[in-house]
Amino acid sequence: VQNLSMNGLGVSQYYSTYTKKSAPYNVYAGSQDQGFQRSINPNDDIYNFIQSISGDYGHLVSGDGGNTIWSNYPGFTLYYPNPETAIGGISLDFPGSGHLWLAPLIEDPYNPNQAYLAGGSTSTGNHLFHLTANNNSISYQELPFSFNSTISAMGYSSINPQHRYVLTYYGNFYYSDNDGNLWEISSSFNGPDAHYFYGATICASQTNLGEVIIGGSGYSNPPVYISSNHGESFTPLDNGLPNTLVYDLVGTPDNKYLFAATEVGPYVYIFDEEAWLDLAGMHAPDQTYWSVEYIDELNTVRFGTYGRG
């Protein structure tokens, strides 16, 4: 048979996008059922994407600006050493059990061929897994610390990557100042719950060391909180933001704007005005906004929507 749905329909539902941080600004995307996709050297028109592999892919990350790409499928992690051609991809089944269906994944801040997978464990508890991509396989190390429930988000400070952050399924926040060797819990704080199969989100400021913003389910509590002390304490950051589910957060390098991909559309927080604004206007799709990224060289924020058509 010939698949007639590969061209022209525009039906992909996106979990995640990653734009190469330098020219030619290739765009990679993880979608629901429509697989891992790539748009190579896109122009200013509607982008065409090629499906590298079918299935469900999310949490696209890279430690070298998009020269290599990590992503997760329900049940395994995929690594492309050359995502532009999608040749030579290698994978690792999630070690053990207890991971979210599309488990969170982040790049290692020190090594682009390494990443962190959220657990789950191979025995008991909930652990981080440190992944290493070798020539033809991915190996893993299960880190010893056990968090109190399934890990829903991970993050680190780009100013000083020794500062690491973890959010768990029911809103408990952990922080470390020594690359995750020792962890402390924010004992007086209970943050937003996670999306039931994808997780939550952590965004660390690129300007202010210690400023951390988290987002998640916000129907009975604020969906976004901010900390100025690495997560020891938090305050709501919800002025102008409806009670909704926040899937993803990203800030600009100058710390002037914070963008949120939410269940009810795209939002921006303007720090000088201390308020959220709806970005949808009259023209953006009325859909669930699942992912958001900022490409500094292009001065562009890119959202991915989970909506056909």
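Quantities reported herein were computed from a predicted structural model and do not represent experimental measurements.

Caption draft 1: The arrangement of the environment of Pro95 in detail. Mapped onto the fold, Pro95 is located in the loop between β8 (90–93) and β9 (105–107). Spatially, the C-alpha atoms of Pro95 and Gly75 are 8.9 Å apart, while their sequence positions differ by 20 residues. For Pro95, the residues in contact, after removing those within four places along its chain, are Leu117, Ser121, Thr122, Phe129 and Tyr140.

Caption draft 2: Up close: the pattern of salt bridges. Throughout the structure, instances matching the rule amount to two salt bridges. Lys21 is the salt-bridge partner of Glu293, the closest N and O atoms lying 3.8 Å from each other. One end of the pair, Glu293, is in strand β25 (residues 289–295); the other, Lys21, is in the loop between β1 (14–19) and β2 (27–31), with 272 residues separating them in the sequence. Arg164 is paired through a salt bridge with Asp179; the nearest N and O atoms lie 3.2 Å apart. Of the two residues, Arg164 is situated in strand β14 (residues 164–168) and Asp179 in the loop between β15 (173–176) and β16 (184–185); the sequence distance between them amounts to 15 residues. On the basis of relative accessibility, which here comes to 7%, the residue Arg164 falls in the buried class.

Caption draft 3: Region of the structure containing the side chain of Thr244. Along the polypeptide, Thr244 turns up in the loop between β20 (235–236) and β21 (246–251). When residues no more than four places from it in sequence are discounted, the contact partners of Thr244 are Gly216, Ser217, Gly218, Tyr219, Pro223, Thr262, Glu263 and Val264.

Caption draft 4: Inspection of the sheet that holds strand β13 (residues 151–156) at higher detail. Overall, antiparallel pairing links the four strands, which are arranged β13-β14-β15-β16 in an open sheet. Of all the strands in the sheet, just β13 and β16 have a single pairing partner and so form its edges. As paired strands, β13 and β14 are joined by five bridges and run antiparallel to one another. Directly across from Met154, in β14, lies its bridge partner Val166.

Caption draft 5: Just the packing of aromatic side chains, in detail. Evaluated as defined, the whole model comprises 32 aromatic pairs. Between Trp101 and Phe197 the ring centres are 5.1 Å apart and the planes differ by 80°, which places this aromatic pair in the edge-to-face class. Of the two residues, Trp101 is situated in the loop between β8 and β9 and Phe197 in the loop between β16 and β17 (201–204); the sequence distance between them amounts to 96 residues. Taking 4.8 Å as the distance between ring centres and 70° as the angle between the ring planes, the aromatic pair formed by Phe145 and Phe147 counts as edge-to-face. The exposure class assigned to Phe145 is partly exposed, which follows from its relative accessible area of 29%. Within the aromatic cluster, the residues linked to one another by ring pairs are Tyr15, Trp101, Tyr196, Phe197, Tyr198, Tyr247, Trp290 and Tyr306. The ring of Tyr18 has Lys21 sitting right over it, with the charged end atom 3.7 Å from the ring centre.

What counts, and where the lines are drawn
Residues numbered from 1 in each chain as written. Predicted model: local features only at pLDDT ≥ 70, side-chain atom pairs only at ≥ 80, totals over all residues. Heavy atoms only, no water. Helix = DSSP H or I, 4+ residues; strand = E, 2+ residues; numbered from the N terminus. Contact = heavy atoms within 4.5 Å. Salt bridge = Lys/Arg side-chain N within 4 Å of Asp/Glu carboxyl O. Buried < 20%, exposed > 50% of the residue type's maximum accessible area, 1.4 Å probe, protein only. Pairing = 2+ DSSP bridges. Phe/Tyr/Trp six-rings, centres within 6.5 Å; stacked < 30°, edge-to-face > 60°. Lys NZ or Arg CZ within 6 Å of the ring centre and 35° of its normal.

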